[in-house]
Amino acid sequence: EDKVVQSPLSLVVHEGDTVTLNCSYEVTNFRSLLWYKQEKKAPTFLFMLTSSGIEKKSGRLSSILDKKELSSILNITATQTGDSAIYLCAVDPYTNAGKSTFGDGTTLTVKP
Amino acid sequence: EPEVTQTPSHQVTQMGQEVILRCVPISNHLYFYWYRQILGQKVEFLVSFYNNEISEKSEIFDDQFSVERPDGSNFTLKIRSTKLEDSAMYFCASSVPNYGYTFGSGTRLTVV
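What you are looking at is a predicted structure, and each value in this text was computed from that prediction instead of being measured.

Q: Any chance you could explain the interface of chain A and chain B here in plain terms?
A: Interface size is often expressed as the accessible area that is lost when the parts come together. Facing the 20 residues of chain A at the interface are 19 residues of chain B. Where chain A abuts chain B, roughly 1600 Å² becomes buried across the two surfaces, and 58% of that area is made up of carbon and sulfur atoms. Contact with chain B buries surface across chain A, with Lys41, Lys99 and Phe102 of chain A losing the most and accounting together for 30% of the total. Here chain A is connected to chain B by one salt bridge.

Q: Looking at this structure, how should I read the packing of aromatic side chains?
A: Aromatic rings considered in pairs are described by the distance between their centres and by the relative angle of their planes. Applying the stated criterion across every chain, the model contains 16 aromatic pairs over all chains. Ring geometry for Tyr36 of chain A against Phe45 of chain A: centres 6.2 Å apart, planes inclined by 70°, an arrangement best described as edge-to-face. For the pair Tyr36 of chain A and Phe45 of chain A, one class covers both residues: buried. Seen from their ring centres, Tyr35 of chain B and Phe45 of chain B are 5.9 Å apart, and the 70° between their planes marks the pair as edge-to-face. Taken together, the residues span a long stretch of sequence, with Tyr35 of chain B in strand β4 (residues 31–37) and Phe45 of chain B in strand β5 (residues 43–50) at a distance of 10 residues. Here Tyr35 of chain B and Phe45 of chain B have matching classes, each one buried.

Q: Explain the state of the cysteines to me, please; I cannot follow it from the model alone.
A: As used in these notes, a disulfide is a covalent bond between sulfur atoms, one from each of two cysteines. For the structure on display, the rule yields two disulfides over all chains. One disulfide in the model links Cys23 of chain A with Cys89 of chain A; its S-S distance is 1.9 Å. What sets the handedness of the Cys23 of chain A and Cys89 of chain A disulfide is the S-S torsion sign, and at about -70° it is left-handed. Remark: Cys89 of chain A occurs in strand β9 (residues 85–93) and Cys23 of chain A occurs in strand β3 (residues 19–26); sequence separation between them is 66 residues. Each disulfide pairs two cysteine sulfurs, and for Cys23 of chain B the partner residue is Cys92 of chain B, the sulfurs being separated by 2.0 Å. Measuring the twist about the S-S bond at about -65°, one finds the Cys23 of chain B-Cys92 of chain B disulfide to be left-handed. A residue pair is termed long-range when its members are at least 10 positions apart, and Cys23 of chain B in strand β3 (residues 19–24) and Cys92 of chain B in strand β9 (residues 88–95) qualify at 69 residues. The burial state of Cys23 of chain B is the same as that of Cys92 of chain B; both residues are buried.

About the criteria used
- Residues numbered from 1 in each chain as written.
- Chains lettered and ligands numbered in written order.
- Predicted model: local features only at pLDDT ≥ 70, side-chain atom pairs only at ≥ 80, totals over all residues.
- Heavy atoms only, no water.
- Contact = heavy atoms within 4.5 Å.
- Buried area = accessible area lost by both parts, 1.4 Å probe.
- Salt bridge = Lys/Arg side-chain N within 4 Å of Asp/Glu carboxyl O.
- Phe/Tyr/Trp six-rings, centres within 6.5 Å; stacked < 30°, edge-to-face > 60°.
- Buried < 20%, exposed > 50% of the residue type's maximum accessible area, 1.4 Å probe, protein only.
- Helix = DSSP H or I, 4+ residues; strand = E, 2+ residues; numbered from the N terminus.
- Disulfide = S-S within 2.5 Å.

Put into structure tokens, the structure is as follows:
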């Protein structure tokens, strides 16, 4: 059975701090790893990673995949209170895009 | 920015009743999905839909569930005879190949 484990489960930081969120996975026929930000309701897509070692970046957020270690990290630099959310990691199998297995998420709280 | 639209935002129904959850995916997207999230739990894949047919479904998606694309824009999830354990947030999502999934804001289904 496919499995995604995120750590830590929750994290409290102060504005300006840098955070690193972790995701490890076990999946048959890995296709891609996705990061989402979930505030209140719907997950919002952040990154899709398919190739090992290639960093994806968007503003203060960046992510990288390590297929040898079956893991990924999501970095957020210079955190702001608006970064407070649940960050979800999901993996898709090669055969069925969209049949995502999600982790429990990391709840990030950024204090002023 | 294009959005996935879901209606209603909240539905309360009696056990045993049929419910239909509605979604309007992004117009140029070809792949459609339903996920659910029971309060405090992980997001779970239910079903994927492509080219007017189900391409994959999970163990959760039993005979009580069905999906339909009745016209060129709507995508619906029907639960025939609701159970208490069907209470959850139901998310519709759509995508294009090799990109992440755009989620709707969800329908909170409460079965009483």
